[in-house]
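Remarks on the overall topology
This is what each chain is made of:
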Amino acid sequence: MKFIIAIIKPSKLDDVREALMAIGVAGMTVAEVRGFGRQGGHKEIYRGAEYDVNFVPKLRIEVAVDDALLDRTVEAINDTAKTGQIGDGKIFVLELAAAQRIRTGEQGPEAL
């Protein structure tokens, strides 16, 4: 099993969700986060004054998948979140040692 963390632009959430559902991903967790990378940040104007915004709003998507679904999941996220502009985000893949569904007690890939 693998645990995928993707940091994407907020405007791409619905596209990514639909792409993941289409390939059979059963669920995901989404959190609003802020951060910076090569994009650095941006400037905003508020009441006539210009401010540097060092942390850019993003979404963090977490998905647990069986090994067989890993490549299609990463590809679906990448293809739908990509705009070609700086700040599109990142995808991280981690080993998932265990998973358990609380309601039924199912463990391993069956719990996903």
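Quick note: structure is the one above.
Residues numbered from 1 in each chain as written. Predicted model: local features only at pLDDT ≥ 70, side-chain atom pairs only at ≥ 80, totals over all residues. Heavy atoms only, no water.

Some remarks on the pairing of strand E5 (residues 56-65)
Consecutive side chains along a regular strand alternate between the two faces of the sheet. Taken together, the seven bridges between strand E1 (residues 2-8) and E5 define a ladder with antiparallel strand orientation. The residue of E5 that forms the bridge with Phe-3 is Ala-64. Across seven bridges, the pairing between strand E2 (residues 29-35) and E5 is antiparallel. Residue Val-30 lies in a different strand from E5, and its bridge partner there is Ile-61. (Pairing = 2+ DSSP bridges. Helix = DSSP H or I, 4+ residues; strand = E, 2+ residues; numbered from the N terminus.)

Thoughts on helix H1 (residues 13-22)
Val-16, Ala-19 and Leu-20 are the residues of H1 that are buried. Take H1 and look down its axis: the buried residues cluster within an arc of 100 degrees, on one side only. Facing away from the buried side of H1 by over 90 degrees, the exposed positions are Met-21 and Ala-22. The inward-facing, buried residues of H1 abut E1, E5 and helix H2 (70-81). Count one or two residues on from H1 and you reach Gly-24, which has phi positive near 100 degrees. (Buried < 20%, exposed > 50% of the residue type's maximum accessible area, 1.4 Å probe, protein only. Arc of directions from axis to C-beta. Contact = heavy atoms within 4.5 Å.)

Observations concerning the sheet that holds E5
Taken together, four strands build an open sheet; the order of strands is E2-E5-E1-E6 and the sheet is antiparallel. In this open sheet, the two strands that pair with only one neighbour each are E2 and strand E6 (89-95). Along the sheet, successive strands turn relative to each other by an average axial angle of 20 degrees, direction set aside. Sheet strands touched by H1: E1, E2 and E5. Its angle to E5, the strand with the most contacts, is close to 10 degrees. (Axes fitted to C-alpha atoms, helices over the stretch in contact; angles between N-to-C directions.)

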